[in-house]
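Working through the structure, step by step
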Amino acid sequence: SPTSAIPPTDEIGDRAEAALARCGVDHLAEATAAGRLYARTPITGETLLSLAQATERDVDHAVTAAHDSFRTAWRDTPAPERGALVRRLGELLREHKYDLADLVSIEAGKIRSEAAGEVQEMIDVCDFALGLSRQLYGRTMASERPGHRLMETWHPLGVVGVITAFNFPVAVWAWNTAVALVCGDTVVWKPSEMTPLTALACDALLSRAAADTGAPTNVHQVLLGGPDVGEHLVDEPRVALISATGSVRMGRTVGPRVAARLGRCLLELGGNNAAVVTPSADPELAVRGTVFAAAGTAGQRCTSLRRLIVHEDVADAITERVVDAYTQLRVGDPLSDHTLVGPLIGQRAHTAMREALTQATADGGEVLVGGNRRLEDQAPDAYYVEPAVVRMPTQTAIVRQETFAPILYVMTYRSLDEAVELHNGVSQGLSSAVFTQDQREAERFLALSDCGIVNVNIGTSGAEIGGAFGGEKDTGGGRESGSDAWKSYMRRATNTVNYSEELPLAQGVRFV
Ligand code: NAD
């Protein structure tokens, strides 16, 4: 693959500081010896800044502030008025779209277009949440008793603890926060320890939106740090909902901890997404859809395409075209407009990729393209790789695992039932796709894929905010963003109102 040159860390640091200043982050808390958190860039793999990590006391203070703000002000603010805060946030995000996008590229390594797309997603969800602030509808049901009304009403829940992953450092925060705020909740955010600067920028913009609209500034708190800071937040009984996005491993720790205190949990965990390409598929769509979903974001999306299940009659032709497209993917500096594949987040991701390729080969797989490290001479601490395509004889254990790197495993099938079997034969259940022009096949796949997202003639990644986002099985079962996902952020009350002068009991019970 061709490559683009890597800029020096100083230059990247200056760019990050300029973006932070424009977003209103003018003061970075000094790091103390006790808790230091390094802001790094995967572009060079080097450190940009050292920041102060939150302590257990900071977690307590943040939750106290958010809880007080919830009880004394925010839950009683009318929802459309709460919407005004989110509208202002959306305006500020439009104004600072490219500042935030720069920070996303610098900290998460996303190419410019995808980083800007991620900020656009934040803007879109602010628009959605603003509309939602006037549409938090409850139902009215027919009562079985005369002179009675039965209805449900939705009320603010409390403090929402938001834990986010490195690979969507701002969009996932916005999905949760914009919706939670219009629902009347306050938010304490524990961003990924890899992306603290983008988090500070978002927090500063939201503080400004609060000041501009007269909302209490304490509706939002940010806590920088790693899993230990996350765990303090998770264990905090005043946090009504923990919405956590990240690996299955994280979910297996967080889920039971929240359950132990009977708290509410919304989990958005890993995926191992597949696309089925049938003989009737439009090859152009199938190839383009595959390449973007599998190699985009250097394979570091929860919805990245990791398995391609192709009918044996078209497997060679489709694979050949995918391999050809892979040889033209430009790998390198994500801040350069020509780059299509930025760096992996770090060394661990690279090791995982190498080990997965070794295992796949040992299992009889053949690496058709990619897999090599690039630009090591220019940036020895950064991990740039060529996205890889591996033809597999069967769906072995390594294929069934999510390796958070650009590896696409190709397998073949004969009958659609067999394809569905392979497709559903993994523990994760996030996103899926079928490429076909046969309506029966499309409908059958829509019905049988066990994922939370099932697409036709479009790849597995790149969801719009209007739908509910999330997945089944090990992916955690949570839903965020659009549709009726807001219901997770509110408390439902069922109300029976008697406007008669009698007191009839339900089910005809008599008590006289
Ligand atoms: P990660 O699990 O390492 O970390 C995610 C977040 O959880 C971080 O903020 C981390 O500090 C925190 N955390 C980790 N252990 C914790 C614990 N025990 N208690 C509390 N907090 C804890 O994940 P990552 O490497 O940042 O992100 C990649 C993973 O996230 C992939 O598996 C990807 O599929 C998944 N992901 C899922 C979605 C989704 O919506 N389903 C979206 C983005 C990423």
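Rules behind the numbers
- Residues numbered from 1 in each chain as written.
- Predicted model: local features only at pLDDT ≥ 70, side-chain atom pairs only at ≥ 80, totals over all residues.
- Heavy atoms only, no water.
- Helix = DSSP H or I, 4+ residues; strand = E, 2+ residues; numbered from the N terminus.
- Rg over C-alpha atoms; globule rule 2.2 N^0.38 Å.
- Buried < 20%, exposed > 50% of the residue type's maximum accessible area, 1.4 Å probe, protein only.
- Contact = heavy atoms within 4.5 Å.
- Areas by Shrake-Rupley, 256 points an atom, 1.4 Å probe, with all protein chains shown as cover.
- Lys, Arg positive; Asp, Glu negative; His and termini not counted.
- Charge placed at Lys NZ, Arg CZ, Asp CG, Glu CD.
- Phe/Tyr/Trp six-rings, centres within 6.5 Å; stacked < 30°, edge-to-face > 60°.
- Lys NZ or Arg CZ within 6 Å of the ring centre and 35° of its normal.
- Pairing = 2+ DSSP bridges.
- Axes fitted to C-alpha atoms, helices over the stretch in contact; angles between N-to-C directions.
- Near = heavy atom within 4 Å.
- Polar contact = N/O pair within 3.5 Å; in protein donor to acceptor, adjacent residues only side chain to side chain.
- Nonpolar A, V, L, I, M, F, W, Y, C, P; charged D, E, K, R; others polar.
- Parallel < 35°, antiparallel > 145°, perpendicular 65-115°, else oblique.
- Left-handed = near helix turned anticlockwise from the far one by under 90°.
- Core = buried A, V, L, I, M, F, W, Y, C linked by side-chain atoms within 4.5 Å.
- pLDDT = per-residue confidence, 0-100.

A word on the overall build of the protein. Scanning the protein from terminus to terminus reveals 14 helices and 25 strands. For a compact globule of 512 residues, the expected C-alpha radius of gyration is about 24 Å, and the protein comes in at 24 Å, within 12% of that figure. Each of the three principal axes of the protein carries a C-alpha extent, and together these read 80 × 60 × 40 Å. Here the protein holds 512 residues, and 56% of them are scored as buried. Within the protein, contacts between residues at least 6 apart in sequence are counted, and of these 75% link residues at least 24 apart. Only carbon and sulfur atoms are counted for the fraction: they give 48% of the accessible area of the protein, which is about 21300 Å². The average position of the 47 basic charges and that of the 65 acidic charges among the side chains of the protein differ by 5 Å.

Turning our eyes to something else, we now look at the packing of aromatic side chains. On inspection of all chains with the given rule, the structure shows 4 aromatic pairs. Both rings, one in Trp 154 and one in Trp 486, keep their centres 5.2 Å apart while their planes meet at 70°; by these two values the pair is edge-to-face. Taken together, the residues span a long stretch of sequence, with Trp 154 in strand 5 (residues 148-156) and Trp 486 in the loop between strand 24 (480-481) and strand 25 (490-498) at a distance of 332 residues. Note on accessibility: Trp 154 and Trp 486 belong to one class, buried. One Lys or Arg, Lys 110, reaches over the ring of Phe 168 and ends 3.4 Å from the middle of that ring.

Here the focus is the sheet that holds strand 20 (residues 431-435). Within a beta sheet, neighbouring strands are joined by backbone hydrogen bonds and run either parallel or antiparallel to one another. Strand order in the open sheet formed by 7 strands is 14-17-18-12-11-20-21, with mixed pairing between adjacent strands. Where the open sheet ends on each side, the last strands, each with one partner, are strand 14 (366-369) and strand 21 (453-456). The average angle at which neighbouring strand axes cross in this sheet is 25°, direction not considered. Taken together, the 4 bridges between strand 20 and strand 21 define a ladder with parallel strand orientation. Along strand 21, the bridge assignment pairs Ser 431 with Ile 453.

Across the 5 residues of strand 20, 5 count as buried, placing the element largely inside the fold. Side-chain alternation along strand 20 places Ser 431, Ala 433 and Phe 435 on one buried face and Ser 432 and Val 434 on a second face that is also buried. Relative to strand 20, strand 11 (residues 273-277) is paired through 4 bridges, and the arrangement is parallel. Bridge assignment links Ala 274 to a residue of strand 20, and that residue is Ser 432.

With respect to the helices and strands, Asn 455 occurs in strand 21. Each residue touching Asn 455, except ones within four places of it in the same chain, is listed here: Ser 431, Ser 432, Ala 433, Val 434 and Thr 460.

Take the site of the ligand next. Close to the ligand lie 28 residues; Thr 164, Lys 190, Glu 193, Ser 247 and Glu 402 are nearest. A distance of 2.7 Å separates an oxygen atom of the ligand from a polar atom in the side chain of Glu 193. In the model, an oxygen atom of the ligand is placed 2.7 Å from a nitrogen or oxygen of the Glu 402 side chain. Bound to the protein, the ligand loses 92% of the 850 Å² it would expose on its own. For the shell around the ligand, the residue count by class is 12 nonpolar, 11 polar and 5 charged.

Time to look at the packing of helix 8 (residues 227-235) against helix 9 (residues 248-260). Between helix 8 and helix 9, the least distance of the axes is 9 Å, while the angle of their chain directions is 25°. By the angle class used here, helix 8 and helix 9 are roughly parallel. Crossing of helix 8 against helix 9: the hand is right-handed. Residue-level contacts link Glu 231, Val 234 and Asp 235 of helix 8 to Thr 253, Val 254, Arg 257 and Val 258 of helix 9.

With 140 residues, the main nonpolar core has Leu 85, Met 122, Leu 197, Leu 308, Ile 318, Tyr 326 and Tyr 409 as its most contacted residues. By size, the runner-up hydrophobic cluster in this structure holds 21 residues, among which are Ala 54, Ile 163, Leu 223 and Val 234.

The contact between helix 1 (residues 9-23) and helix 4 (residues 97-108) brings their axes to 9 Å, and the two run at 145°. For the pair helix 1 and helix 4, the crossing hand works out as left-handed. In this structure, helix 1 uses Ile 12, Arg 15, Ala 16, Ala 19, Leu 20, Arg 22 and Cys 23 to contact helix 4, whose residues at the interface are Asp 99, Asp 102, Leu 103 and Ile 106. Across the contact of helix 1 with helix 4, the residue classes break down as 7 nonpolar, no polar and 4 charged.

To continue, consider the confidence of the model for the protein. As a general rule, the predicted coordinates of low-pLDDT regions are not to be interpreted in detail. Looking at the protein as a whole, the pLDDT averages 97, with 99% of positions reaching at least 70. Listed scores for the predicted complex are pTM 0.98 and ipTM 0.99.

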